[in-house]
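# Architecture and fold: a report
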Amino acid sequence: MAIETQPESAQAPGGREPGATPKERAWWLRPAWHTALIGAVIGYAFGHWLGNFMGSGYQQVGTSDDNDLAIVLGYAFLVIGWLAGLGVFNDVVRQMLGKPLNGNGHDENGGLAKYFRYTLDHKVVGIQYLIGMLVYFFTGGLLAMAIRTELLSPSYHVLSPTAYLEVVGAHGTMMMMMMTSVVVGPLGNYLVPLMIGSKRVAFPRIEALSFWLTPCAYVILLSSILLGGFPTGWTGYAPLSIQAGEGMDAYAFAFGLMAISMTLAGFNLACTIICYRAPGMRWSRLPMFVWAMLTQSFLFVLAAPVLLGGMYMILTDRTAQTAFFVNQLGGSSYLYEDLFWFFGHPEVYLLALPGFGIVSEIIPVFTRKPLFGYKVAAAGMFGVAILSFFVWQHHLFDSGINPDMRPLFMLTTELISIPTGFIYLVALGTFWKAKLRLTSPMLFAMGMYVNFLFGGISGVFLSDVPADTTAHGSFFVMAHFHYTIMGGLLFAFFGGVYYWLPKIMGIKLNERLGKIHFWTMFIAFNSTFMPLFAVGMMGQPRRVFEYARNLQTLNDWVSISAFCLGGSLLIFVFNFVMSTVVWRKRETGNPWRSRGLEWQIPSPPPVENFTHVPVVLSGPYEYGDPGALPVADLNPPAGVIGGALAGAGTGATTSAGSEA
Amino acid sequence: MAAEASNPATPPAGSTGGRRDGLWLLITWVVLSIVGCLLVALVWGPHMPPGAQSSSAQHQQFDITVLGVIATPVVIGVLLYFGWAIAFWRQKPGDETDAAPIHGNTKIQATWITVTSAIVLGLAVFGTVELIGPAGAGAGEGPQPIWKPAGTVTASDTSWVPGTSNILQVQVIAQQWAFTYRYPQFGGFETTDLVLPVNEPVQFNVTSLDVIHDFWAYQLGVKADANPGVNNVAYTTPKHTGGFTVRCDELCGIWHGAMYNYGKVVSVSDFMSWARSTETQLASVTKLLPPYALTYDPTTLKLGKVNQELGLTGAGGGFYNPADPEQP
Amino acid sequence: MSLPARVTTLVIAFLAVVAGGIYVALHYIGSQPPVEDYTSFASNGQVNVTLMTAAQTTVSDKPDWVTYFIENPSTHQFVHTTYFKVPANTKVNVTILGYDGCTPLRNPVWGKVTGTIGNVENVSFFNGKTATPSQPFSVFNTWADCSVQHTFAIPGLGLNVPVASPTTLAENNNLCGTSPCVANSSDEAKAPHTVVTFSFMTPKQGGTFRWQCFIPCGLGYLDGNGGPMGTPGYMMGQMEVQA
């Protein structure tokens, strides 16, 4: 029996079904931030009441005066209320009831209102993510300033021990939760469809949902301060996390929520990259940034759910009296450590890969040379992604794990430095006899390479078990991961922002301020974290507020440098805010003379990205080759697309707009 | 699709005005690396952390020095190359053309992959050797350790005589928020002082009574996590007398930062007299302690009559339902 | 929006964020319990400090948490704090009024009195009607007997004092119901409690010394070490020694 196929019909912009015209309503009547807030408040109140109703009879709740069930249910209903207020469920419910979909209204006109709504345009989601990520990053940064203030003196305490641990935990968790999405969110969601020649992402609703969970997670994490904070740091080790007060629920819930957001974001991007590439966009022509996004998306989908599992188990141990992590009742503290680090290690490669992608994208443009060893770079990213699942026990070398495992994990951890080194091979080859233009994006890219070098080499020290016996849990580890994550990813992120802001907003950031920002940040960053290698090796553990007196000079140097680092980031804020709001220097063309496909369309891009689906003719790195074809044909002749689809037999033959 | 055709890496020599970048880079790199490696190995090496107070610390010091010597040429190489690029390979103002279209060089790529793999595998072998040789290098090996100091046995945990193959055992009990040390071979007394004899191998049995802590004796190069209900064994042999610092290295709650104490390594005779006098001094408390065991479960205790009538357990808390068999 | 309007909005928004941040920082993160200052009340190289333990904290929003109180030296009111200041190189005579009931130690080694002058503490038991004379104790068996309610330990000075508790079942079921328990009403006056006294010398150089309780008295928390055990102002605090 033949399956009857229906003719394909184009989706109207905004996700509506053709023929459905939405009612135009005033902005305060349409679901947006304000309705979401109302929903969240109502949801929290209901959840908290429900938790009190269910839990107040328990002896444990009565003696401890902490009702974790009320807090957790409050948060759960807060999220549901928030999403309901945003209108996330509207189309889902309409479809269940058989009514025509409304999309989310008419958003093609300009104005700022659409940035406060649940929207299906990936570019709007990208900008929402950008502002969100900057807010989260600066909040985390302020918390870091508080930490360094406390560490100015080993004996005089500015903060109480509870407050210090609160701040340490909030800083670490804010950064680790949010910075995984710092590139995927703003730059990945915005640029990937443009780079692969697509008009949309595969699952716009899922993409928007992944963004809208982040403000919830942010607020929930910060609310831990109101609840007395959590004493475990970002790693949340049980059984301390089971013993902790109400603030711990905020941590577990927020982190779990971000795990969901990460999984959704990765899922969407992976499908988009695999399925929505324009004709001619072969794997061998894919920009390196998209390769990074693809490998990162796989890591998201495979690793983030494990985190969700671990956080969920913490919550059930705390509320439902399970004993997953309690030794005496048959659980094990090692279970948590393994679950957490099984996610935690791919997490750090989630942070590193987009950095690699951005710098590999930037350096060909500013050296005017093709990317050296394209296949090696892509292989490196895949190697890192795959191997990252086989190394997590190196966080547990001293924990009392099976001693036979340690040479194995030492080997795999050392091995992972081989694909990481490929990125340097590619950079060195690209720089060979190049024509470097030291603009702000290029400076940040080079800064990333220098910082990640120190971070990566210190990682080799940590992978060696005897050396790790001294360095584990000390400031050496702190310096290592700040070099790789902040020195690597964040420098690359800023480079990406300077590079792509003309594309995203049609506005160029002030170049002079950009250079000042880079140099102050680079010098302050190295001045802050380089001495910490020594501090750690000389015996100062992490997360302590008292340390040996002879380390005070180094700690003071580091704290002052950290304040300067904060100051350099204020220069960025100043530059960003003034350039986008006040000066607004228009830049609509291709200011960097890049061959990237995303630069061949106007800036900012029109709503549907490309008027016609382009046909990609060559790779984006063909600099210096006079015989190279242009990167794509943006107005393919009629029948080119149709001819490509003719064999599929769906009957769609127009070349104007039907998507591959 | 010609992106991967291997082109020669260097354009004709005349194109850069005669400067032989490759050769000069190589020479500069080699010279700087040799200087750097010598500085690291000979000048910095003897002062590398964690010092030389014990066998594991000495081996770790050696390890870190070797890693430093191998890292030095890598760091110098990359930084030198970047500096060279910034100095010599800049785009001249007004020049809008592109540079040479070099997509790759199979020979260079293959050399890089081979050399990095060789270094990395060599380091893995080196690390394994350095882990096994010095009896686990001071790291916690879990309840079934496999790398023990040569020539030692755990023959008796009720008495210890210096100079025999029976290893000295010290149990480190971590609790929120202090370390206590139990010497089973001296009657099982428990004290907050950690005193060790010089040149005698010692076995640390590290365990916890509540949450995860970490016993880090910095100058002895020993680090072992203390997990509740688990015995984590680490070995070392102190080589010089003197003091050392013990810190908790795993976040264990509010006073984690204040959970430290000082220990000392003394001569064997001083140690024996300290141990015997402390054993007598603390006899009244040793009677109250549970019998020496590798792990302790505070819930499975026989409590007195009034405590039982009050419904108290050995562990406090009452986190779980009172009907549960265990009350952690 | 016009340029001046945009600039004004920006400046206002920035100031609002800064103000909010400072408020949060000072109010939530920077707050500490009050410090009871005994330095000006020292004479002849000695100073008298009085603390109290209570089985609940009716003065706070955690009524079921156990807590310490410290007596203010001038007003003689018991303040809900655990931070106090004493001069250096001074003999501190501590009196602890113990109104809580007993709990066994997780590690019985903390049942021995160390670091005090004479390595003893003097305990007088009040059972609701009469008080026993003050007698010295040097070690307590908290597993066999109902004997210790909390400990006052300053690990930095090697000081460990298990605060004795009422020892019988009847007394433990009849503890003072308000906190602080100051014998103002007839119920409070009949509450069984102990009076524990000991002395120790503060070191010559100044510094901040943490002190904590080693009894797992955080009821409703895993291992008994959560809640009040980990919150300043309840079961853990700081002693500042002023040189």
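Residues numbered from 1 in each chain as written. Chains lettered and ligands numbered in written order. Predicted model: local features only at pLDDT ≥ 70, side-chain atom pairs only at ≥ 80, totals over all residues.

## As for the overall build of chain C
When its secondary structure is counted, chain C shows three helices and 13 strands. With the C-alpha coordinates aligned to their principal axes, the bounding extent of chain C is approximately 85 × 40 × 35 Å. Contacts spanning at least 24 positions in sequence make up 71% of the contacts within chain C whose residues lie at least 6 apart. (Helix = DSSP H or I, 4+ residues; strand = E, 2+ residues; numbered from the N terminus. Contact = placed C-beta atoms within 7 Å.)

## Quick word on the overall build of chain A
Along its length, chain A carries 21 helices and two strands. Over its C-alpha trace chain A gives a radius of gyration of 25 Å, about what one expects of a compact globule, namely 26 Å for 660 residues. Restricting to contacts in chain A with at least 6 residues of sequence separation, those with at least 24 account for 80%. (Rg over C-alpha atoms; globule rule 2.2 N^0.38 Å.)

## Notes on the sheet that holds strand 1 (residues 168-175) of chain B
Residues and elements named next belong to chain B. One open sheet accounts for five strands, arranged 3-2-1-5-8; its pairing is mixed. The open sheet has two free edges, formed respectively by strand 3 (189-191) and strand 8 (232-236), since each of these has just one partner strand. The sheet shows a mean angle of 25° between the axes of neighbouring strands, direction not considered. Where strand 5 (residues 202-208) lies against strand 8, five bridges are found, and the strand directions are antiparallel. For Q203, the partnering residue across the bridge sits in strand 8 and is Y235. (Pairing = 2+ DSSP bridges. Axes fitted to C-alpha atoms, helices over the stretch in contact; angles between N-to-C directions.)

## Some details on the domain arrangement of chain C
Parsing chain C into structural domains produces domain 1 (1-31) and domain 2 (34-242). The C-alpha-based centres of domain 1 of chain C and domain 2 of chain C are spaced at 45 Å. (Domains from an automatic or database assignment.)

## Topic: unusual backbone geometry
Of note, the amide linkage connecting S603(A) to P604(A) takes the cis form, showing an omega dihedral of -15°. Inspection of the secondary structure assignment puts P604(A) in the loop between helix 20 (552-583) and strand 1 (615-616). A cis amide bond links Q176(B) with the next residue in sequence, W177(B), at an omega value of 10°. Summarising the element assignment, W177(B) is placed in the loop between strand 1 and strand 2 (178-183). Of note in this structure, N89(C) is not a glycine but carries a positive phi near 50°. Taking the number of C-beta atoms within 10 Å as the measure of exposure, N89(C) has 13 and is therefore partly exposed. Positive phi, normally seen in glycine, also occurs at N119(C), with a value near 55°. (Buried ≥ 20, exposed ≤ 12 C-beta atoms within 10 Å, placed from the backbone.)

## Some details on helix 14 (residues 405-415) of chain A
Within helix 14 of chain A, burial applies to R406(A), F409(A), M410(A), L411(A), T413(A) and E414(A). Tucked into the core, helix 14 of chain A has its buried residues touching helix 15 (417-431), helix 16 (440-463) and helix 17 (465-471) of chain A together with helix 3 (106-132) of chain B.

## What to know about the interface of chain C and chain A
Contact with chain C, which involves 26 residues of that partner, is made by 28 residues of chain A. Looking at the side of chain C that touches chain A, the elements that each hand over two or more residues are helix 1 (3-29) and strand 12 (207-212) of chain C.

## As for the sheet that holds strand 2 (residues 46-54) of chain C
All names here are of chain C. The sheet built from seven strands is open, its strands ordered 4-3-2-6-11-7-8 with mixed pairing. Among the strands making up the open sheet, the edge pair consists of strand 4 (78-79) and strand 8 (135-137). Two strands pair when backbone bridges link them, and strand 3 (residues 67-71) and strand 4 are joined in this way by two bridges, in the antiparallel orientation. Residue pairing across strands places I70 opposite V79, the latter belonging to strand 4.

## Description of the packing of helix 16 of chain A against helix 2 (residues 55-88) of chain B
One can describe the packing of helix 16 of chain A onto helix 2 of chain B by two numbers: an axis separation of 10 Å at closest approach and a directional angle of 170°. Our classification of the angle between helix 16 of chain A and helix 2 of chain B gives roughly antiparallel. On helix 2 of chain B, the residues touching M446(A), Y449(A), V450(A), L453(A), I457(A), V460(A) and F461(A) of helix 16 of chain A are I64(B), L67(B), A71(B), V74(B), V75(B), V78(B), L79(B) and F82(B). A breakdown of the residues in the contact of helix 16 of chain A with helix 2 of chain B according to their chemical character gives 15 nonpolar, no polar and no charged. (Parallel < 35°, antiparallel > 145°, perpendicular 65-115°, else oblique. Nonpolar A, V, L, I, M, F, W, Y, C, P; charged D, E, K, R; others polar.)

## Focus: the interface of chain A and chain B
At the junction of the two partners, chain A supplies 85 residues and chain B supplies 91 residues. In terms of residue class, the side of chain A that touches chain B is built from 43 nonpolar, 26 polar and 16 charged.

## Some points on the nonpolar core
The biggest cluster of nonpolar side chains holds 349 residues, and the ones touching the most others in it are A217(A), A254(A), V290(A), A377(A), A445(A) and F215(B). Ranked by the residues each element gives to this core, the list is headed by helix 18 (residues 475-505) of chain A, at 21 residues. (Core = buried A, V, L, I, M, F, W, Y, C linked by C-beta atoms within 7 Å.)

## Digging into the environment of R117(A)
Tracing the chain through its elements places R117(A) in the loop between helix 4 (90-96) and helix 5 (122-150). Separated by 445 residues in the primary sequence, R117(A) and A562(A) place their C-alpha atoms 37 Å from one another.

## Focus on the packing of helix 3 (residues 68-86) of chain A against helix 10 (residues 247-275) of chain A
Residue and element names in this part refer to chain A. In contact at an axis separation of 10 Å, helix 3 and helix 10 are set at 30° when each is read in the N-to-C sense. Accordingly, the angle class assigned to the pair helix 3 and helix 10 is roughly parallel. Pair helix 3 / helix 10 crosses with right-handed handedness. Contacts between helix 3 and helix 10 involve D68, I71, V72, Y75 and V79 from the first element and D249, F253 and L257 from the second. Each residue belonging to the contact of helix 3 with helix 10 can be placed in one class, and the counts come to six nonpolar, no polar and two charged. (Left-handed = near helix turned anticlockwise from the far one by under 90°.)

## Considering the pairing of strand 9 (residues 148-154) of chain C
Residue and element names in this part refer to chain C. The element strand 9 is largely enclosed, with a buried count of six among its seven residues. Pairing of strand 9 with strand 10 (residues 159-164) involves six bridges; the strand directions are antiparallel. Residue H150 lies in a different strand from strand 10, and its bridge partner there is V163. Joining the antiparallel neighbours strand 9 and strand 10 is a turn of four residues, in which G158 adopts a positive phi near 70°.

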